[in-house]
Amino acid sequence: MQRRHLITATAATLALPAWTQTPAPIRLWVGVTPGGSTDTLARGIAPEMGRLLGRTVIVENKSGAGGNLAADFVAKSAPDGSNLLVSFTSHTINASLYKKLPFDPVADFTPLTLLSTSTSVLVVNPEQPFRTVAELIAYARQNPGKLSTGLGGIGSSVHLAGEAFKLQAKVFIVNIPYRGTAPAVADVVAGNLPMMFAPLVNTRGLIQAGKLRLLGVTSPKRLPQFPDWPAIAETLPGYQSQAWFGLFGPARLPPELVRRISDAARAAVRGEAVRKRLEADAAEAVASSPEDFAAFVKADVPRWAQLVRYSGATPD
């Protein structure tokens, strides 16, 4: 055991000077198209990470299969810190959503840091008769199957936020799939759909303009920036459902690289510009240690698996 530890430590020590001196850029792979929350976060942290690490950091988009294409690429990359993955909640959801993955979302990655978490909201059309979560639950129990909710993406964290709500509230609400969040939100505004769970970034302006009525946020407590918005947990104790964004390397990343990359990413996400942008979108910088993030990922897989089974969701 001692010899194995010595070999690992020596390999890490030898790898570090070469890594810091190489001119090749570090690539942050993102499994979605440009412009989304994951992509925006990656581009927000890239410049400061590059400055702290002394390497150019480039964001690359490799979208498809719910983030699996980018994850598979990084999982199969050399453990030298040149290819990293900025992933999101689907990383652990996909472990049960897909019958077979070309990688193991836990064993094939080195967790570096949980960058941030993000809150969703439960919104309804303002013409609906319920003004609180309690009133919606009462209506749904008295009228099983008469309410419907829009799904912006099958198997997404927002979809499963709704499933967690239905499971805990013991209500039957019909799912209506949409090709994206925007058309579903538009139908709630138009009155063609009574309600939905949605990211705050897609609904904040409509809520503030009175075109959507907010019933609750999915975070465990009220958001500091929106203290008048109740948490669903105030009606359903223990309820919470938040999306997350994290940084991974391939498995077997040397410990010294793990420390350096994690420290740089944590400092970058705590920077004022990134932190303020996150807060504006009801997200929160976390910047966890690699050890804490590893424990989080391991526990997150079975947590989502329960909701995937309950929902019966399968990939589009």
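Conventions adopted
Residues numbered from 1 in each chain as written. Predicted model: local features only at pLDDT ≥ 70, side-chain atom pairs only at ≥ 80, totals over all residues. Heavy atoms only, no water. 1 Å grid on protein atoms, 1.4 Å probe; cavity = no way out; pocket = protein on both sides within 12 Å on 5 of 7 lines; lining within 4 Å. Points joined across faces, edges and corners; volume = space filled by probe spheres on them. Nonpolar A, V, L, I, M, F, W, Y, C, P; charged D, E, K, R; others polar. Helix = DSSP H or I, 4+ residues; strand = E, 2+ residues; numbered from the N terminus. Buried < 20%, exposed > 50% of the residue type's maximum accessible area, 1.4 Å probe, protein only. Contact = heavy atoms within 4.5 Å. Expected span 1.5 Å × (residues − 1). Bend = angle between axes of the 7 residues up to and from the residue.

Draft legend 1. Just the layout of surface pockets, in detail. Of the volumes computed, that of the second largest pocket is approximately 290 Å³. Lining of the second largest pocket is provided by 17 residues; of these, Leu-223, Pro-224, Gln-225, Gln-242 and Glu-284 occupy positions nearest its centre. Residue composition of the lining of the second largest pocket, grouped by class: six nonpolar, six polar and five charged.

Draft legend 2. Here's a closer look at the environment of Ser-120. Structurally, Ser-120 is set in strand β4 (residues 109–124). For Ser-120, a relative accessible area of 7% puts it in the buried group. The sequence separation of Ser-120 and Ser-241 amounts to 121 residues, and the corresponding C-alpha distance is 7.7 Å. Once you skip the residues sitting within four places of it in the chain, Ser-120 turns out to touch Val-158, Ala-198, Pro-199, Leu-200, Gly-216, Val-217 and Thr-218.

Draft legend 3. Molecular detail of helix α11 (residues 290–311). The end-to-end C-alpha distance of α11 is 31 Å, a good match for the 32 Å that 22 residues give at a rise of 1.5 Å each. Along its length, α11 shows its largest kink, about 25 degrees, at Asp-300, and proline Pro-302 lies within four residues downstream of that point. All of the buried residues in α11 are Pro-290, Phe-293, Val-297, Asp-300, Val-301, Trp-304, Ala-305, Leu-307 and Val-308. In this structure, the buried side of α11 is in contact with α4 (90–97), β4, α6 (157–169), β9 (242–250) and α9 (255–269). Looking one or two residues past α11, Gly-312 carries a phi angle of roughly 75 degrees, positive in sign.

Draft legend 4. Focus on empty space enclosed by the protein. All chains considered together, the criterion is met by one cavity of 30 Å³ or more. In terms of lining, the largest cavity is formed by 13 residues, of which the most central are Thr-149, Leu-151, Gly-162, Asn-175 and Phe-197. If you list the elements that add at least two residues to the lining of the largest cavity, you get β5 (148–151), α6 and β7 (195–199). For the lining of the largest cavity, the leading source of residues is α6, giving six residues. Within the lining of the largest cavity, the residues separate by chemical class into six nonpolar, five polar and two charged.

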